[in-house]
There are 2 protein chains.
Amino acid sequence: MFSQSEENYIKTIYHLETISNKGISTNAIAKKLETKASSVSDMIKKLSEKELVVYKKYQGVKLTPFGKKNAANIVRKHRLWEVFLVDKLNFSWDEVHEVAEQLEHIKSPKLINQLDALLGFPTHDPHGDPIPDKDGNLNVIDKILLSSLLKTETGVCVGVDDSSSEFLQFLDKKGITLGKKIKVLEKEDYDDSLTITIENQKLSISNKIANNIYIKKL
Amino acid sequence: MFSQSEENYIKTIYHLETISNKGISTNAIAKKLETKASSVSDMIKKLSEKELVVYKKYQGVKLTPFGKKNAANIVRKHRLWEVFLVDKLNFSWDEVHEVAEQLEHIKSPKLINQLDALLGFPTHDPHGDPIPDKDGNLNVIDKILLSSLLKTETGVCVGVDDSSSEFLQFLDKKGITLGKKIKVLEKEDYDDSLTITIENQKLSISNKIANNIYIKKL
DNA sequence: AATAATTTTTAGACAAGTCTAAAAATTATT
DNA sequence: AATAATTTTTAGACTTGTCTAAAAATTATT
Ligand SMILES: [Mn+2]
Ligand SMILES: [Mn+2]
Ligand SMILES: [Mn+2]
Ligand SMILES: [Mn+2]
């Protein structure tokens, strides 16, 4: 099949396509993968030869349906493993990503199918991100950023946009975790900071924080 | 840490050392890894620089205590994953090896510790092989080959020497699995074939088969 | 002990994946 | 429209791990 490196590239392109849907630029890929643009340029040619992406020089890349299917499968594996780590091995949500980055490359369809069953066919990972099904389809729920909630509105925390350990640990400290109910008491015009209630606690959070938390409105 | 390739080399040397305890020859390693002697020669130099093995030209290699500790840890991971696949994901004992070959390279001490706990701290893998503890020590039970049992003697099947799918599937077909009680009814002088009873069934097996089944005498 | 056979090492090449530095193309600014 | 800034690609080099072919060392056989 594909090398670990090739898999990381198509996964990155997949993620970038969920944001922009234009051709993905060499630089954007390089930044996400923490590599050099020249390396990306080289790899893109290989991916193109393998029909994983469509590529015209200087125009960025797009995944082919074949590339998208493969990328979605890697994301599926990543997120299923994250669920496994949290549900079965008592990892916290800020510890799983690094390990899942390794586990996502294990090649065994049976392993993933059985893991899926063991976990009870989860639809979302520990960060609220949807798990693609075997065909690469995902069940997207309509979530909005906490920063877009208005004063007096209420919602449930359903995901995070930043999955870094630092941010997740910060949320843990504040008691903000998936499933918690949040009500906006105040919204400062000056800096867009919020005062919210969560589990009967009053809490003040900056706009930067509110911009990384997804809410489903109630 | 060490690359996947380096890990495969020290694991192979580790296994070969359990058989011979002399310096392990370049050719022996090449054969097990299905690679060329020249590649082994190259890699041995690298392992030696990294203090994983002691090496004098033309003399074969031996693992250093450091190398042995690392190798045992890879074997530990391999066997714990095999238990996981059988106990939690309904794999059969002939399906696990290939996947465990991949999983053994995942780097995360917490993952392995938690997996160990999830599995109830198993001491042996699905093929009856002992699982090294965190320090690399293993609990070796005194097992003997079925071929060394004498007429009228009885034992319990506790392991296999050949873990290939073909052999394991053959054993499944014959109903020979770990924990089964076996009694030797007859032993042919001519070809050393055996007639045994297992689960009240009379069965005839060749010496080649009997040479790959481990028994604990009763 | 000399010769033959085998094992092991070295020399040189290659593929994958990455990098730096420089060239080419594109995009932004005057 | 010309120039400047930025992005992207190419050229050439390096590392890891592998290979083939040949040389060197060891072991076996006469
Ligand atoms: Mn993740
Ligand atoms: Mn996630
Ligand atoms: Mn195995
Ligand atoms: Mn095993």
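Attention in this report is confined to the structure presented alongside it. (Residues numbered from 1 in each chain as written. Chains lettered and ligands numbered in written order. Predicted model: local features only at pLDDT ≥ 70, side-chain atom pairs only at ≥ 80, totals over all residues. Heavy atoms only, no water.)

### Observations regarding the pattern of salt bridges
Residue and element names in this part refer to chain A. Counted only if it meets this: A pairing counts as a salt bridge when a side-chain nitrogen of Lys or Arg comes within 4 Å of a carboxyl oxygen of Asp or Glu. Put simply, DSSP marks the helices as runs of H or I at least four residues long and the strands as runs of E at least two long, and each gets a number from the N terminus on. Relative accessibility decides the category of a residue: with a 1.4 Å probe and only protein chains considered, values under 20% of the type maximum give buried, values over 50% give exposed, and everything between is partly exposed.
Scanning all chains against the criterion turns up 22 salt bridges over all chains. In this structure, E101 and K11 form a salt bridge, with 3.0 Å as the shortest nitrogen-oxygen distance. Note that E101 is positioned in helix α5 (residues 96-103) and K11 in helix α1 (residues 4-20), a separation of 90 residues in sequence. Classification of E101 as partly exposed rests on a relative accessible area of 25%. Between E199 and K180 there is a salt bridge, with its nearest N and O atoms 3.9 Å apart. Taken as a pair, E199 in the loop between β6 (194-198) and β7 (201-205) and K180 in the loop between α7 (165-174) and β5 (181-187) lie far apart in primary sequence, 19 residues in all. When its relative accessible area of 55% is taken as the criterion, E199 is described as exposed. Each of K11, E101 and E104 takes part in one network of salt bridges that share partners.

### Focus: the coordination of the manganese ion (ligand 4)
In ideal tetrahedral geometry, four donors around a metal make angles of 109.5 degrees, whereas ideal octahedral geometry with six donors gives angles of 90 or 180 degrees. Residue and element names in this part refer to chain B. Just so we agree on the cut-off: In this description, a donor is an N, O or S atom within 2.8 Å of the metal centre, a cutoff extended to 3.2 Å for sodium, potassium and calcium. Water is not part of the atom list, which can make sites seem incomplete.
Protein coordination at the manganese ion (ligand 4): the donors are E82 (OE), D125 (OD) and H127 (ND1), at 2.2 to 2.3 Å from the metal. A separation of 3.4 Å is found between the manganese ion (ligand 4) and the manganese ion (ligand 3), both of which receive a donor from E82. One end of the pair, E82, is in helix α4 (residues 65-87); the other, D125, is in the loop between α6 (109-118) and β3 (144-145), and 43 residues separate them in sequence.

### Side note on the protein's contact with DNA strand C
We apply this condition: Proximity criterion: a residue is near a molecule or strand once any of its heavy atoms comes within 4 Å of it. Definition of a polar contact: a pair of N or O atoms within 3.5 Å, with one able to donate and the other able to accept a hydrogen when the atoms are protein atoms, and with sequence-neighbouring residues admitted only if both atoms are side-chain atoms. Amino acid classes used here: Ala, Val, Leu, Ile, Met, Phe, Trp, Tyr, Cys and Pro are nonpolar; Asp, Glu, Lys and Arg are charged; the rest, including Gly, are polar.
Around DNA strand C, a shell composed of 20 residues is seen, among which A:S3, A:T35, B:S41, B:Y55 and B:K57 lie nearest. A share of 70% is what sugar and phosphate atoms reach among the atoms of DNA strand C within 4 Å of the protein. Residue B:K45 places a side-chain N or O atom 2.8 Å away from a phosphate oxygen belonging to DNA strand C. In this structure, B:Y55 approaches DNA strand C through a side-chain N or O atom, which is 2.4 Å from a phosphate oxygen. At the level of elements, α1 and α3 (37-49) of chain A together with α2 (26-33) and α3 (37-49) of chain B are the ones that each hand at least two residues to the surface near DNA strand C. Among the residues forming the surface near DNA strand C, the class breakdown is five nonpolar, ten polar and five charged.

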